[in-house]
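# Breakdown of the fold
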Amino acid sequence: MDKTLDFILTFGAIVIGILLLTGNGGIFMKGGNSAVRKAHYDEKKMEKASGIALILVGLATGIDAYTTGLIAKIGYIVVLLVIFTVLFGYIRTKCRLKK
């Protein structure tokens, strides 16, 4: 399998993650029902958390480009599931605005 797509995804995830982490990537947080999201969640915390998650996904994808074998692929999927589970849990608990 060609590694080009893995490198493109790695580069894109890391660049967008850095933009979100520094506060310059708000354009990547658009979509969905943003009015409801802004009313319930702290946008800056969500951007930082999403930026960290995207950088971790980029690193995991970059490492996965060099690994072969079924165990490595299963490990990659498990790492992605852990990253997204922690991200969603953090957003639901720490990014929610107090009323």
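Every value quoted in this text rests on a predicted model; they were computed, and no experiment measured them.

## Observations regarding the environment of G12
Considering the arrangement of structural elements, one finds G12 in helix α1 (residues 4-22). For the pair G12 and L56, spaced 44 residues apart in sequence, the C-alpha to C-alpha distance is 12 Å.

## Observations concerning the confidence of the model for the protein chain
Per-residue confidence for the protein chain averages 89 on the pLDDT scale, and 95% of its residues sit at or above 70. Per-element confidence in the protein chain is highest for helix α4 (residues 70-94), whose mean pLDDT is 95, and lowest for helix α2 (residues 34-40), whose mean pLDDT is 75.

## Notes on the packing of aromatic side chains
Summed over the entire model, instances satisfying the criterion amount to two aromatic pairs. Taking 5.8 Å as the distance between ring centres and 55° as the angle between the ring planes, the aromatic pair formed by F7 and Y66 counts as tilted. Of the two residues, F7 sits in helix α1 while Y66 sits in the loop between α3 (43-65) and α4, which places them 59 residues apart along the sequence. According to the relative accessible area criterion, F7 is partly exposed, its value standing at 36%.

## Examining the packing of α1 against α3
Between α1 and α3, whose axes approach to 7 Å, the crossing angle comes to 160°. The orientation of α1 with respect to α3, classified from their angle, is roughly antiparallel. For the pair α1 and α3, the sense of crossing is left-handed. Contacts between α1 and α3 involve D6, F7, L9, T10, A13, I14, I16, G17, I18, L20 and L21 from the first element and E47, K48, S50, G51, I52, L54, I55, G58, L59, T61, G62 and A65 from the second. In terms of residue class, the contact of α1 with α3 is built from 13 nonpolar, seven polar and three charged.

## Description of the pattern of salt bridges
Counting across every chain of the model gives one salt bridge. As a salt-bridge pair, D64 and K73 come within 3.2 Å of each other at their nearest N and O atoms. A residue is classified by how much of its surface remains accessible, and D64, at 8% relative accessible area, is buried. Its relative accessible area of 33% is what places K73 among the partly exposed residues.

## Focus on the side chain of T10
With respect to the secondary-structure elements, T10 resides in helix α1. For T10, a relative accessible area of 12% translates into the label buried. A polar contact of 3.1 Å, which involves the side chain of T10, links it to the backbone nitrogen of G62. Those residues in contact with T10, other than ones at most four positions away along the chain, are G58, T61 and G62.

Calculation notes
- Residues numbered from 1 in each chain as written.
- Predicted model: local features only at pLDDT ≥ 70, side-chain atom pairs only at ≥ 80, totals over all residues.
- Heavy atoms only, no water.
- Helix = DSSP H or I, 4+ residues; strand = E, 2+ residues; numbered from the N terminus.
- pLDDT = per-residue confidence, 0-100.
- Phe/Tyr/Trp six-rings, centres within 6.5 Å; stacked < 30°, edge-to-face > 60°.
- Buried < 20%, exposed > 50% of the residue type's maximum accessible area, 1.4 Å probe, protein only.
- Axes fitted to C-alpha atoms, helices over the stretch in contact; angles between N-to-C directions.
- Parallel < 35°, antiparallel > 145°, perpendicular 65-115°, else oblique.
- Left-handed = near helix turned anticlockwise from the far one by under 90°.
- Contact = heavy atoms within 4.5 Å.
- Nonpolar A, V, L, I, M, F, W, Y, C, P; charged D, E, K, R; others polar.
- Salt bridge = Lys/Arg side-chain N within 4 Å of Asp/Glu carboxyl O.
- Polar contact = N/O pair within 3.5 Å; in protein donor to acceptor, adjacent residues only side chain to side chain.

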